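Tertiary structure, described
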Amino acid sequence: MKKLYYIKCSCPGDHWICDATDNILEANKLLQEHKEDDSRSKFKIIYSPGENEAIRTWFNYKRVDKFLKPSLGFTNYIQNKHNDKDT
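A short tour of the structure in this document, coming up. Only a predicted model underlies this, so the values are computations on that prediction, with no experimental measurement involved.

What counts and how
- Residues numbered from 1 in each chain as written.
- Predicted model: local features only at pLDDT ≥ 70, side-chain atom pairs only at ≥ 80, totals over all residues.
- Heavy atoms only, no water.
- Helix = DSSP H or I, 4+ residues; strand = E, 2+ residues; numbered from the N terminus.
- Expected span 1.5 Å × (residues − 1).
- Contact = heavy atoms within 4.5 Å.
- Polar contact = N/O pair within 3.5 Å; in protein donor to acceptor, adjacent residues only side chain to side chain.
- Pairing = 2+ DSSP bridges.
- Buried < 20%, exposed > 50% of the residue type's maximum accessible area, 1.4 Å probe, protein only.
- Phe/Tyr/Trp six-rings, centres within 6.5 Å; stacked < 30°, edge-to-face > 60°.
- Lys NZ or Arg CZ within 6 Å of the ring centre and 35° of its normal.

**Thoughts on helix α1 (residues 24-37)**
For α1, which comprises 14 residues, the first-to-last C-alpha distance of 20 Å matches the rise-based estimate of 20 Å (1.5 Å per residue) to within 8%. Summarising the contacts, the buried residues of α1 are in contact with β1 (5-11), β2 (14-21), β3 (42-46) and α2 (61-67). For α1, the N-terminal capping position is held by N23, with its side-chain oxygen 2.7 Å away from the main-chain nitrogen of L25.

Here it is, written out as structure tokens:
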């Protein structure tokens, strides 16, 4: 199994995994996209999910489904409703 890179989001009183990938270059690109989208929160790349939950959104659902589905052993997984069309 490939090594995974997790994008962790932290804001006052809360933290979660907002994205994941198996490529460090893509992880850096995703990190920058998340920082541009939300300048108030803090983002960083982590190498182990630890106790953090993963939030599934319209932006990350393909990667979350691919890398973090419970069937792959990741149990802290929250599914948000989204529209799969054209994403």
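**As for the side chain of S41**
Tracing the backbone through its elements, the reader meets S41 in the loop between α1 and β3. Among the polar contacts listed, one links the side chain of S41 to the side chain of D38, at a separation of 2.7 Å.

**So, the pairing of β2**
Where β1 lies against β2, seven bridges are found, and the strand directions are antiparallel. If you follow K8 over to β2, its bridge partner there is I17. Between the antiparallel neighbours β1 and β2 lie two residues, among them G13 with a positive phi of about 85°.

**Some remarks on the side chain of N52**
Turning to its location among the elements, N52 is positioned in the loop between β3 and β4 (54-56). Overall, the relative accessible area of 7% leaves N52 in the buried class. Engagement of the side chain of N52 in a polar contact is seen with the side chain of H15, the distance being 3.4 Å. Engagement of the side chain of N52 in a polar contact is seen with the backbone oxygen of P49, the distance being 2.8 Å.

**Considering the packing of aromatic side chains**
As enumerated under the stated definition, the model contains two aromatic pairs in all. Their ring planes at 80° and their centres at 5.8 Å tell us that Y5 and Y47 sit as a pair that is edge-to-face. Of this pair, Y5 sits in strand β1 while Y47 sits in the loop between β3 and β4; the two residues are 42 residues apart in sequence, bridging distant segments of the chain. Judged by relative accessible area, which is 51%, Y47 ranks as exposed. When the ring of W58 is compared with that of F59, the centres are 5.8 Å apart and the planes differ by 75°; the resulting orientation is edge-to-face. For F59, a relative accessible area of 28% translates into the label partly exposed. If you follow R63 out to its NZ or CZ, it ends over the ring of F59, 5.0 Å from the centre.

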